[in-house]
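# Coordinate inspection notes
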Amino acid sequence: MSETTVSETTVSDPTRLPLNTPHRFYRGGERILAFRGLDVPEAFDGHRPEDWLASTTRLFAEGGDGVTVLADGTPLPDALASDSDHWLGADHVARHGIEPGLLTKLLDAGERLPVHSHPDRAFAAAHLDCDHGKTEAWIVLDAEPGACVWLGFRDELPADELAGLVEAQDERLLAALNRIEVHAGDTVLVPGGQPHAIGEGVFVLELQEPTDLSVMLEHRRFGLEEAHAFLGLGLPRALESVDLGPLTSDGLDRLRRRWTDVEASGPALPDEASEYFRAEVLRANAGASATGAAAFAVTVVVAGAGVLTTGTDAPRTTEVARGDVLLVPYGAGDVRLEGDVTVVRCMPPA
Ligand SMILES: [Zn+2]
């Protein structure tokens, strides 16, 4: 080992993340390409609705893709293992190991997603041999007029009635959920266990615990196998992971925010999210720069253009504009944003 530890990867800090859009069972993806400034390829199959950013997670089914490969060809997990203190920071490694503990996605719902839910941590530990459940959060970047999401049962649903609705596979399942019209600037936290769906025409930046564990309450019209739909657990056990409600308007209010209300820097998500992940908005304009502390951060430029400076001793500047997606390692140091530009930094829990 030489005196100075050099990352074995050859990518620069920060590094731009290439497109990583595994095939999914539902339609979408053109908004991701447009956001990233890419043309729709001639062979586009219309089923690339998710761009997995800085992912160390694999799909539960559908081929098992999903892990990010950096621009120099290094799979992200190998890069993290080769210099974990640089990428994640020694404190993070001491508490969480060499896993970021976070999965970030761009998601373009080209059709309404099926009603589904994700296990919480306790259920995942008890029945799926997994430390993480999948609490998730949506940062709405764009939405067609009238587009909406659905979250939580409006009225408490007895377990046998839920089982009946899942057996029936009809519209009553969706109708039992709170329907929420969304607009660019909204954020919604989706706790593990809460049933939900994203409607057609909604484009989100999504943070999740790093698993692909979903209970597909609606599955037939999407052609999903029951083993896939119920995580190999069988219907009765899988349904034990679902929150039967009710999710009242007060409960919903606690799960919602406006990320566009942040002035210079501040959290995009409700406080309840901080146990799982953090999303920090940095907004610079002609009058003021915005700063953030060193962190492993999936940094998504959501509006405008400017310059991101990392580090203090030997600062590095990166020109950024809407649609850029950068992975900034902890070791790159504090960040400063200048210009007329807004970024969202998606980070593991503090
Ligand atoms: Zn979900």
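Just so we're clear, the structure is a prediction, and the values are computed from it rather than from any experiment. Throughout, residues of each chain are indexed from 1 in the direction in which the sequence is written. Only residues with pLDDT of 70 or above have their local features reported here, since the model is predicted, and side-chain atom pairs are shown and tallied only from 80 upward, although totals for entire chains, interfaces and linings are computed over all residues. Water and hydrogen atoms were dropped before computing side-chain values, which therefore reflect all heavy atoms in the structure.

## Some words on the overall build of the protein
What counts is decided by this rule: Helical segments are the DSSP runs of H or I of at least four residues, strand segments are the runs of E of at least two, and each set is numbered from the N terminus. Values of the radius of gyration come from C-alpha atoms, whereas the globule rule sets the reference at 2.2 Å times the count of residues to the power 0.38. Throughout, exposure labels follow a simple rule: accessible area from a 1.4 Å probe, protein chains only, divided by the maximum for the residue type, with under 20% read as buried, over 50% as exposed, and the rest as partly exposed. Any two residues having at least one pair of non-hydrogen atoms within 4.5 Å are treated as being in contact. For the purpose of charge, His is not counted, nor are the chain termini; Lys and Arg are scored as positive and Asp and Glu as negative. Lys charges are placed at NZ, Arg charges at CZ, Asp charges at CG and Glu charges at CD.
Secondary structure assignment for the protein yields ten helices and 19 strands. Here the C-alpha atoms of the protein give a radius of gyration of 20 Å, agreeing with the 20 Å that 2.2 N^0.38 yields for 350 residues. For the protein, the C-alpha atoms occupy an extent of roughly 60 × 45 × 45 Å along the three principal directions. When burial is assessed residue by residue, the protein has 56% of its 350 residues classed as buried. Intrachain contacts of the protein at a sequence separation of at least 6 include 76% that bridge at least 24 residues. Each charge class in the protein was averaged separately, 28 positive and 57 negative side chains, and the resulting centres sit 3 Å apart.

## Notes on the domain arrangement of the protein
The condition is simple: What marks off one domain from the next here is an automatic or database domain assignment. Accessible area that two parts lose when put together, evaluated with a 1.4 Å probe and summed over both, is termed the buried area.
Along its sequence, the protein is organised into domain 1 (15–258) and domain 2 (262–347). One C-alpha centre belongs to domain 1, the other to domain 2, and the line joining them spans 23 Å. When the two sides are added together, the surface that domain 1 and domain 2 hide from each other amounts to roughly 2,900 Å², 69% of it contributed by carbon and sulfur. Of all residues in domain 1, Arg16, Phe35 and Arg257 give up the largest surface area on contact with domain 2, accounting jointly for 22% of the area buried on that side.

## With respect to the confidence of the model for the protein
Filter applied, for reference: For every residue, the predictor states its confidence as a pLDDT score lying anywhere from 0 to 100.
Averaged over all residues, the pLDDT of the protein is 93; the fraction at 70 or higher stands at 95%. Here residues 1–7 is a poorly scored stretch, pLDDT under 50, and it has four contacts once near neighbours within four places are set aside; other chains count.

## Digging into the sheet that holds strand β2 (residues 50–53)
The line we're drawing: Two strands qualify as a pair provided DSSP detects at least 2 bridges between them. Angles here are taken between N-to-C directions and fall from 0 to 180 degrees, while the axes themselves are lines fitted to C-alpha atoms, restricted in helices to the stretch in contact.
In spatial order, the strands read β2-β3-β10-β5-β8-β12; together these six strands make up an open sheet with antiparallel pairing. With partners counted over all chains shown, the strands left at the sheet margins are β2 and β12 (256–258), one partner each. Ignoring which end each strand starts from, the neighbouring axes of this sheet average 20° apart. Pairing geometry for strand β5 (residues 136–143) and strand β8 (residues 186–190), over four bridges, is antiparallel. Residue pairing across strands places Ala137 opposite Leu189, the latter belonging to β8.

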